[in-house]
Every structure is written in C-alpha cells, then in structure tokens.
Amino acid sequence: MISTYNKIVEKKNNLDFSLKNIDVQLKKRFESLPNIAAVVKKYMSHEKELLTNITKIRSDYNDTEPISKNSATEKQISQWLGDVSVVLENYPDLKSIDAVVLLQRTINEHAEQISASERAYNASVVVYNTSITVFPNNIIAGIFKFKVADYLEIAMEKKDNPDMSSLL
C-alpha cells in the first residue's frame, strides 16, 4: 500500500512539474519577444531614416539645372555621403533583415518549446491517470482522494504566435 501510494505521488509530482514547465516557456516567450522586437524596430528605424535621406536628396536634385543652382543639394549630398561613410564603417552591412530573421526564428523556437512542454504535460496526464485508475491503485487513490487530471487543451486564439505588429 505504501509503495503504491508513493508511486502515485511521484506521478502526481511529475504532472505538476510538467504544468509548471509550460508556465516557464510562456514566461520566456513573454519576456524575450518584446526585447527582440525592440531591437528589430531600432534597426528598421535607422535604415528607414537612411533610405528616406537618400530619397529626399535625390528628389531635391535637378539634373537639368546648372551646378550653381544645385549647389545646396550638392553640399547636402557631400555632407550626407560623409555621414553615410561613418555609418557604413561602423555598420558595414545593414542589419534589420538579420534582426527580423532572428525575431522570426525566436518566435518559432518559442512555439516549438511551448508545444513540446504541452505534449510532455499531456503525456504525464496519461501516466498519472492510468496509475490512479488501475486496480488495485484505484482503491488507494480513492482513499487519498487523488483526482483524475484533465488534459491540456489550448483555445485556438492562444495557439497562435503573439501579434508582433503592435511591437514593430
């Protein structure tokens, strides 16, 4: 009887551990995705500013006018090219695409880890429920009021990855 009781308690503890593991994965996703999204947003903002400046200078320049009339634009171009050279020396390649790929990869990794934790929990439910419903364990489980555990069923809206558009 003691051995049976201890085995049921062990399975119940594994079940509780599996459920807590899901919480850990959800917290990890909750904490990491906004931070990565902020980095992506910063890179995208920097590159957008760079491209906006290029477009503005190009639209200000009129190649049908003599150089004397375009001198202000030429001065802007020279100054801007100097600034771009410094930026490109510090950041030889634009990084937003790498940051976006990292964000996508991280979202997928979190989804896979959460899914694995949910499968582990449901597997623990099977083992625990079996241990308290088979004879003679069911007698001991009844005496100590062990209850059948429910399987984890995630609502459809919770299965999707978080909406990152609000963060970007």
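In this report, we go over the structure that sits alongside the text. In this text, all values refer to a predicted model and were calculated from it rather than measured experimentally.

## Some words on the nonpolar core
The biggest cluster of nonpolar side chains holds ten residues, and these are Ile8, Leu15, Ile22, Tyr121, Val125, Tyr128, Ile132, Ala141, Phe146 and Ala149. When residues of this core are traced back to their parent elements, those giving at least two are helix H1 (2–60) and helix H3 (96–133). For this core, the element with the most residues is H3, which contributes four residues. If sequence neighbours within four positions are ignored, Leu15 has contacts with Tyr121, Ser124, Val125, Tyr128 and Ala149.

## Some remarks on the environment of Val125
One can find Val125 in helix H3. Considering only alpha carbons, one finds Val125 and Ala149, 24 residues apart in sequence, at a separation of 6.0 Å. Look past the residues within four positions of Val125 in its chain and what remains in contact with it is Leu15, Ala149, Asp150 and Tyr151.

## Concerning unusual backbone geometry
Cis geometry is found at the peptide bond from Phe135 to Pro136, where omega equals 5°. The topology assignment puts Pro136 in the loop between H3 and helix H4 (137–143). The residue Lys145 is not glycine, and still its phi comes out positive at about 60°. With a relative accessible area of 62%, Lys145 lands in the exposed category.

Rules used in this analysis
Residues numbered from 1 in each chain as written. Predicted model: local features only at pLDDT ≥ 70, side-chain atom pairs only at ≥ 80, totals over all residues. Heavy atoms only, no water. Core = buried A, V, L, I, M, F, W, Y, C linked by side-chain atoms within 4.5 Å. Buried < 20%, exposed > 50% of the residue type's maximum accessible area, 1.4 Å probe, protein only. Helix = DSSP H or I, 4+ residues; strand = E, 2+ residues; numbered from the N terminus. Contact = heavy atoms within 4.5 Å.

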